[in-house]
Amino acid sequence: MKTVLVTGSAGFIGYFLCTRLLADGFRVIGLDAMTDYYEVKLKERRQQMLLQHEHFRAINDRVEAPDLLMSLFKSEKPDYVIHLAAQAGVRYSIEAPRSYLESNICGTFELLEAARTHPPQHMLLASTSSAYGANTEMPYTETDKADHQMSFYAATKKATESMAHSYAHLYHLPVTMFRFFTVYGPWGRPDMALFKFTKAILEGKPIDVYNFGNMKRDFTYVEDLVEGIRLLLDAVPVRPEEAEDVPDGDSLSPVAPWRVVNIGNSTCVQLTEFIEAIEAATGRTAERNLMPIQPGDVPATWANADLLQTLTGYRPKTTVQEGVANFVDWYRDYYRV
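In this text the structure is predicted, and so the values were computed from the model without any measurement.

Conventions adopted
- Residues numbered from 1 in each chain as written.
- Predicted model: local features only at pLDDT ≥ 70, side-chain atom pairs only at ≥ 80, totals over all residues.
- Heavy atoms only, no water.
- Buried < 20%, exposed > 50% of the residue type's maximum accessible area, 1.4 Å probe, protein only.
- Helix = DSSP H or I, 4+ residues; strand = E, 2+ residues; numbered from the N terminus.
- Arc of directions from axis to C-beta.
- Contact = heavy atoms within 4.5 Å.
- Pairing = 2+ DSSP bridges.
- Axes fitted to C-alpha atoms, helices over the stretch in contact; angles between N-to-C directions.
- Phe/Tyr/Trp six-rings, centres within 6.5 Å; stacked < 30°, edge-to-face > 60°.
- Polar contact = N/O pair within 3.5 Å; in protein donor to acceptor, adjacent residues only side chain to side chain.
- Parallel < 35°, antiparallel > 145°, perpendicular 65-115°, else oblique.
- Nonpolar A, V, L, I, M, F, W, Y, C, P; charged D, E, K, R; others polar.
- Right-handed = clockwise from strand over helix to strand, strands pointing away.
- Salt bridge = Lys/Arg side-chain N within 4 Å of Asp/Glu carboxyl O.

Colleague: So what's going on with helix H2 (residues 40-50)? Residues and values would help.
Modeller: Among all positions in H2, only Leu42, Lys43, Arg46, Gln47 and Leu50 are buried. Seen end-on, H2 carries its buried residues on one side only, within an arc spanning 130°. Each element contacted by the buried residues of H2 is listed here: helix H1 (12-23), strand S3 (56-60), helix H7 (193-202) and helix H11 (320-335).

Right, dumping it as structure tokens:
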């Protein structure tokens, strides 16, 4: 039985990913700090469900804790590592940048140091579409330059890409960075628009619509994202001199077994259409409070997912209408509304 270490295992994406890996016959070690950035009860409930599986082990601690990961790698020798743990949120990074430095950069450093000493077969590290920053040419492609991040959150995630590349080059660690695009679905984060909009609409309260609704996002359903990660687990990058055929558009490094891959729905959806899907699923009309764009936000994201399809044969496909309806059904059931 192969062992996978998943950091951020009690998080939104982490829960779905661990569930999938356990179903596929992996032993999963889940590391999560259970921080109070949002409702801890949600994280606790996700972890409780994972602990019902005999092959899941939970560790509640911070990835940046000195020597924690080094000790864990030494004792467990994970075959694969999927690093999701991070301080998330563009807007919160304006208020509390140090937490992003500690979790995202220091935490990733601890992970890379542990992997250098006890190398896994493949490491997959989460990045973000926010890494594309001020780029305006869309859809975003992995080979595009991404030098102008617009929030400290995005800057820390782009920094982890560079850090991981240097370790991949120096220590021959196979690394895949995946950039995900506005992930949503059941068990989602309360700080995300879908959760906030659904809660407000069901309570008869107005919703804040930024940039006067002129926002576009490549909304990616959580199970589609997890499918992409699962398939990428087997798409291990190799050193360039060992690559027999590098396809057009591959982001494989010229000096390291490292690449970056978009996981997105390849559809640019207007925010107003997203709100209409919530209205349809709830059966209620939203009262909209139109507001200017917030600092650090980008007006649009849109993924080119060709590389993901080339590497795995898979492309996300869940429509916003279907995914939003699934979330609203979960929300009504979980909160009894």
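Colleague: Describe the sheet that holds strand S6 (residues 175-180), and please don't skip the residues or the numbers.
Modeller: Strand order in the open sheet formed by seven strands is S3-S2-S1-S4-S5-S6-S11, and the pairing between neighbours is parallel. Each having just a single partner strand, S3 and strand S11 (258-263) make up the two edges of the open sheet. Neighbour-to-neighbour, the strand axes of this sheet turn through a mean angle of 20°, independent of strand direction. Pairing analysis gives five bridges linking strand S1 (residues 3-7) to strand S2 (residues 27-32), with the strands arranged parallel. Along S2, the bridge assignment pairs Val6 with Gly30. Its contacts with the sheet place H1 against S1, S2, S3, strand S4 (80-83) and S6, and it is angled at close to 170° to S1.

Colleague: Describe the packing of aromatic side chains, with residues and values.
Modeller: Per the counting criterion, the structure on display carries 30 aromatic pairs. Ring plane angle 5° and centroid distance 3.9 Å describe the contact between Phe219 and Phe274, whose orientation is recorded as stacked. Remark: Phe274 occurs in helix H9 (residues 271-282) and Phe219 occurs in the loop between strand S9 (216-217) and strand S10 (220-221); sequence separation between them is 55 residues. Judged by its relative accessible area of 5%, Phe219 is buried. With 4.7 Å between their ring centres and 40° between their planes, Tyr331 and Tyr335 make a pair best called tilted. Remark: Tyr335 and Tyr331 occur in helix H11; sequence separation between them is four residues, near one turn of the helix.

Colleague: I'd like a description of the side chain of Ser93, backed by residues and values.
Modeller: The topology assignment puts Ser93 in helix H4 (residues 92-95). Looking at Ser93, its side chain comes within polar contact range of the main-chain oxygen of Val90, at 2.6 Å. Those residues within four positions of Ser93 in sequence are excluded, and the remaining contacts are Tyr100, Ser151, Phe152 and Tyr153.

Colleague: Break down the pairing of S11 for me, with residues and values.
Modeller: The buried fraction of S11 is high, at six of six residues. Neither face of S11 is open: one carries Trp258, Val260 and Asn262, the other Arg259, Val261 and Ile263, and all of them are buried.

Colleague: So what's going on with the side chain of Thr128? Residues and values would help.
Modeller: Tracing the sequence through the fold places Thr128 in strand S5 (residues 122-128). Separated by 3.0 Å, the side chain of Thr128 and the backbone nitrogen of Ser130 make a polar contact. When sequence neighbours within four positions are dropped, the list of residues in contact with Thr128 reads Tyr153, Lys157, Phe178, Arg179 and Phe180.

Colleague: I'd like to hear about the packing of H1 against H2, residue by residue, with values.
Modeller: In the contact formed by H1 and H2, the axes pass within 10 Å of each other and the chain directions differ by 5°. Relative to H2, the element H1 lies roughly parallel. On H2, the residues touching Phe12, Tyr15, Cys18, Thr19 and Leu22 of H1 are Arg46, Met49 and Leu50. Across the contact of H1 with H2, the residue classes tally to six nonpolar, one polar and one charged.

Colleague: So what's going on with the pairing of S3? Residues and values would help.
Modeller: Where S2 lies against S3, five bridges are found, and the strand directions are parallel. By the bridge assignment, Val28 is partnered in S3 with Phe56. With H2 bridging S2 and the parallel S3, this β-α-β connection has right-handed handedness.

Colleague: Give me the lowdown on the pattern of salt bridges, citing residues and values where you can.
Modeller: One pass over the full model with this rule turns up 20 salt bridges. Put simply, Arg189 and Asp191 hold a salt bridge, and the shortest N to O gap is 2.7 Å. On the accessibility criterion, Asp191 (24% relative accessible area) is partly exposed. In this structure, Arg259 and Asp250 form a salt bridge, with 2.8 Å as the shortest nitrogen-oxygen distance. Of the two residues, Arg259 and Asp250, neither departs from the other in class, the shared state being buried.

So, to be careful, I would describe these as geometric facts and stop short of saying anything about function.
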